[in-house]
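# What the coordinates show
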Amino acid sequence: MKRLFGLLLSAALLLSLALGALPAYAEEATPAPAAPVGSSESFVTAENLTGIKDIKDYDGKDYVKALKITDVDGFVRLSEIVNGTLEGCAARSMYNQTVYLAADLDLSEVTGFEPIGKLSSTPFKGTFDGQGRTIGGLHITTDGSNNAALFGCGDGVTIRNLNIGTGCVFAGETGSVAGILGAVQGKSGATVENCLVQASVTGNKWVGGVVGYTPVPVTVKNCTNAGHVTSTDNAADKAAGGIIGVGGGTIENCRNSGTVTASYFVGGIVGRPAGGNTATITNCVNDGMLAGPCRGAATGQIRNAADRVNRFFNYSASVNKAAGHYLNGDEATNIIGYTDRGSEEN
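Summed over the entire model, instances satisfying the criterion amount to 1 cavity of 30 Å³ or more. By volume, the largest cavity is sized at about 40 Å³. What lines the largest cavity is Val270, Pro273, Ala279, Ile281, Thr299, Gln301, Ile302, Asp307, Arg308 and Val309. Contributions of two or more residues to the lining of the largest cavity are made by strand E24 (279–286) and strand E27 (308–314). For the lining of the largest cavity, the class distribution of residues is 6 nonpolar, 2 polar and 2 charged.

Written as structure tokens, this is what we have:
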């Protein structure tokens, strides 16, 4: 009976995604629900992981296409394999390998956990499928270095179907701080989809609820930030965003419900695009509190002439415009379909 209930719940989550987690652009639209997780394309139930090798039995020396994590020790081992700190094993990027999370994990008793792909020289290049599971109690703090995130650096990485719980804390003294992916390295970009972040995320600069910094285009879809995101740097070029701190690419069907704070650029979805890295924000929602001088419900800045905000919905009284500042372009050109209900809802 318990297994049957689990299967029915998974089916319900997938159906809600198929029907659309966010509203289409229409005057009578209402806020999107908290984003469920689970991919209609590649959702794998726990029963289907039978026969997949447990990562605790993997030494990182040979190619294994699929691995599963069943407990906290296995999760720590993934970090050690990628970072090259597992005894007798050189750093392995997990390129073309998929890791499945087969259970909810409480990492509150784990100390000194290092981001998976901590350094730009050892990025994670595989696929991580959380299967709708939750990681809780994780604390990652980087002193004097970047990339305080569950996945520190990624290159061509795919991360999907993952919940980061309310007890998680990500804090960095420098930049590239996020709940999911700190920084994108190389030219292959990244894909993050169907993820929910409820963590506290604090960094000096380039701080995002889902992705911290990306100089190349990424794809972020069906993701929600419901945690606190804070940039502590006072410099004018620093930024914080509910989904991406600094960067661009394709951002679709995402929602920020958290409080986002920075000393300059603040965006409900993107803090600001990176120079030359165009951001296209489509069918997204902000109903979180934004605090900062250049704040926009969608983005703190339109930086590139090709940046676009399409079909956007704001329900927060803390902001009344889509973009906080225009370096290039203007509202008439770059903002296509913006609905502001902040004053009505508050």
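The discussion continues.
We now examine the sheet that holds strand E13 (residues 211–213). Judged by pairing direction, the sheet is parallel, and its 5 strands sit side by side in the order E7-E10-E13-E18-E23 without closing on themselves. This sheet does not close on itself; its edge strands, each paired only once, are strand E7 (151–154) and strand E23 (270–272). Between one strand axis and the next, the sheet turns by 15° as a mean value, whatever way the strands run. Pairing geometry for E13 and strand E18 (residues 244–246), over 2 bridges, is parallel. From the neighbouring strand, Val211 faces E18, where its bridge partner is Ile244.

Cut-offs applied
Residues numbered from 1 in each chain as written. Predicted model: local features only at pLDDT ≥ 70, side-chain atom pairs only at ≥ 80, totals over all residues. Heavy atoms only, no water. 1 Å grid on protein atoms, 1.4 Å probe; cavity = no way out; pocket = protein on both sides within 12 Å on 5 of 7 lines; lining within 4 Å. Points joined across faces, edges and corners; volume = space filled by probe spheres on them. Helix = DSSP H or I, 4+ residues; strand = E, 2+ residues; numbered from the N terminus. Nonpolar A, V, L, I, M, F, W, Y, C, P; charged D, E, K, R; others polar. Pairing = 2+ DSSP bridges. Axes fitted to C-alpha atoms, helices over the stretch in contact; angles between N-to-C directions.

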